[in-house]
Amino acid sequence: MTFGVIVSTRSFFPSHLVKTARGEINAKLNELGHKAVMVGERDTEYGAVLTYDEAKTCAKLFQKHRDKISGIIVVLPNFGEELGVVEAIDMAGLDVPVLVQAYDDDFDKLDMANRRDAFCGKISVCNNLYQRGIKFTDTTTHTCKINSPEFTEDIKRFAAVCRVVGGLKGARIAMLGARPVAFNTVRFSEKILQKHKISVQTVDMSEIIFAAQSYNDTEKIAQKEAEIRAYGRIPESIEAEKITLQAKLCLVLEKFVDDLDCHASTVQCWDSVENNYGCAACLAMSMMGEKGRPSACESDVTGAVSMLAAQLAADNPAALMDWNNNIRDDRDTCIALHCSNFPKSFFNSSELEIGCLDVLGGVLGKDKCFGACKAQAAPGPMTFIRITTDDTRGIMKAYVGEGEFLAEHIPTKGGTANCRVEGLQELMKYICKNGFEHHVCFVRGHAADVLVEALENYMGIEVFRHK
């Protein structure tokens, strides 16, 4: 990522600290694989932002790199000049997350030549940001050294926050096929999403089916068939023609998402595609998700938004599941599952079977339902999230929390996950009372704090953090 960096000083505080701070923040960002955009030592006095004119110089530089800058980092090596900092951010008008860092004082260097007072100055900077309505992120501790482990983690979290905010603002979601009639639960408001800079691009399922039936690029079909066979184990009972059908559907769904320039999608995964084309859509959705283009079941658009947010926060593929079954008498565990379209990395890849839908296969016929990814999610830490539109209140809202996938085998079919969430019963009460859907997004790793900061602080989404 590229960050705009503002190092500030105040005229009667030791200015030699600026040079050290500039070098340390540059080195730290380089160490973490990021780039910095900041005024040079010849552009302003000391390469700091202090006066109104220096703020204008900084703002023009940031505007020049508007398309690259994902966030702004404010560095206070001493008290700093709050007006210079805030004027620069305000005039730049980038509307990106802001991280405010202030240096620790050294107890043995409180003489006038070395005293920082950044502990105090940071309060003034934050006060001015608050006055201007500029949202910002704080460091874990009020003050810290640039080279401290705490600040290293702060930058990693901030980068993830910037990924989520930058990825959701301007996101385009492909809605491939209408909502199944029985799924009122996944209704949503396009207008509320658009208010949060998220747009929906709709395609009729008939267009997708016709395009798949007409697809005739034999070279691409053969390549996709090979990719499918490498993706998981296919039972010998599956005929080669079914793999070809699946390959063509995969290629067409990917093309629609690409042509619409969408970041995520949702598919009317039953039952038109099975009855009118002859296979399931799960595999195509799984493979797109594994490549960083999450795809949600049953035309669940806000489920796709949840998946995109989770993927951006954790930097891992996300999966959409049902909160589905209790387990014995352990009220903090449950089974989450789907047919499924889980990305391959959710499973132990050696166990992944690409077979036929189980429940729908029993109703529609197995011969129409090839393409489900079956296995159990591998054990490890996980984050869950659900974003939705509350249409009667005119808002977007979400709940988010953390737990783990357990290793104990789940004795049922499809894509499954053995989930443990402390306080699960209280969470279920919250979900039911507040009108959330039965679908929930899971992502591997712990990223709840990142999601809360990005969604609540910067996106204006009402968030419940389950603890």
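Up top is the structure these notes are about.
Residues numbered from 1 in each chain as written. Predicted model: local features only at pLDDT ≥ 70, side-chain atom pairs only at ≥ 80, totals over all residues. Heavy atoms only, no water.

Peer 1: Where do I start with the overall build of the protein chain in this structure?
Peer 2: What the protein chain contains, in helices and strands, is 15 helices and 18 strands. Relative to the compact-globule value of 23 Å for 467 residues, the protein chain shows a C-alpha radius of gyration of 25 Å, a close match. Overall, the C-alpha framework of the protein chain stretches about 80 × 55 × 45 Å when taken along its three principal axes. A burial count over the protein chain gives 58% of its 467 residues as buried. Restricting to contacts in the protein chain with at least 6 residues of sequence separation, those with at least 24 account for 78%. Total accessible area on the protein chain is roughly 19900 Å²; 50% of this is exposed by carbon and sulfur atoms. A gap of 2 Å separates the mean positions of the 53 positive and 63 negative side-chain charges of the protein chain. (Helix = DSSP H or I, 4+ residues; strand = E, 2+ residues; numbered from the N terminus. Rg over C-alpha atoms; globule rule 2.2 N^0.38 Å. Buried < 20%, exposed > 50% of the residue type's maximum accessible area, 1.4 Å probe, protein only. Contact = heavy atoms within 4.5 Å. Areas by Shrake-Rupley, 256 points an atom, 1.4 Å probe, with all protein chains shown as cover. Lys, Arg positive; Asp, Glu negative; His and termini not counted. Charge placed at Lys NZ, Arg CZ, Asp CG, Glu CD.)

Peer 1: What exactly am I supposed to notice about the pairing of strand β7 (residues 199-203) here?
Peer 2: Within a regular strand, side chains alternate between the sheet's two faces. Across the five residues of β7, four count as buried, placing the element largely inside the fold. Pairing between strand β6 (residues 172-176) and β7: five bridges, direction parallel. Each residue of the ladder has a partner; that of R172, found in β7, is S199. One crossover worth recording links β6 to the parallel β7 by way of helix α6 (residues 190-195), and it is right-handed. (Pairing = 2+ DSSP bridges. Right-handed = clockwise from strand over helix to strand, strands pointing away.)

Peer 1: Explain the pairing of strand β11 (residues 333-338) to me, please; I cannot follow it from the model alone.
Peer 2: Counting buried positions along β11 yields six of six residues, so the element is predominantly enclosed. Of the strand pairs in this sheet, strand β10 (residues 318-326) and β11 are connected by four bridges, and their pairing is antiparallel. In the strand pairing of β11, N325 is matched with I335. With six bridges joining them, β11 and strand β16 (residues 415-420) adopt antiparallel strand pairing.

Peer 1: Explain the side chain of R22 here, please?
Peer 2: Within the fold, R22 resides in helix α1 (residues 16-31). Within polar-contact distance, the side chain of R22 engages the backbone oxygen of V39 at 2.7 Å. R22 has contacts with V7, M38, V39, G40, E41, Y46 and G47, leaving out every residue within four places of it along the chain. (Polar contact = N/O pair within 3.5 Å; in protein donor to acceptor, adjacent residues only side chain to side chain.)

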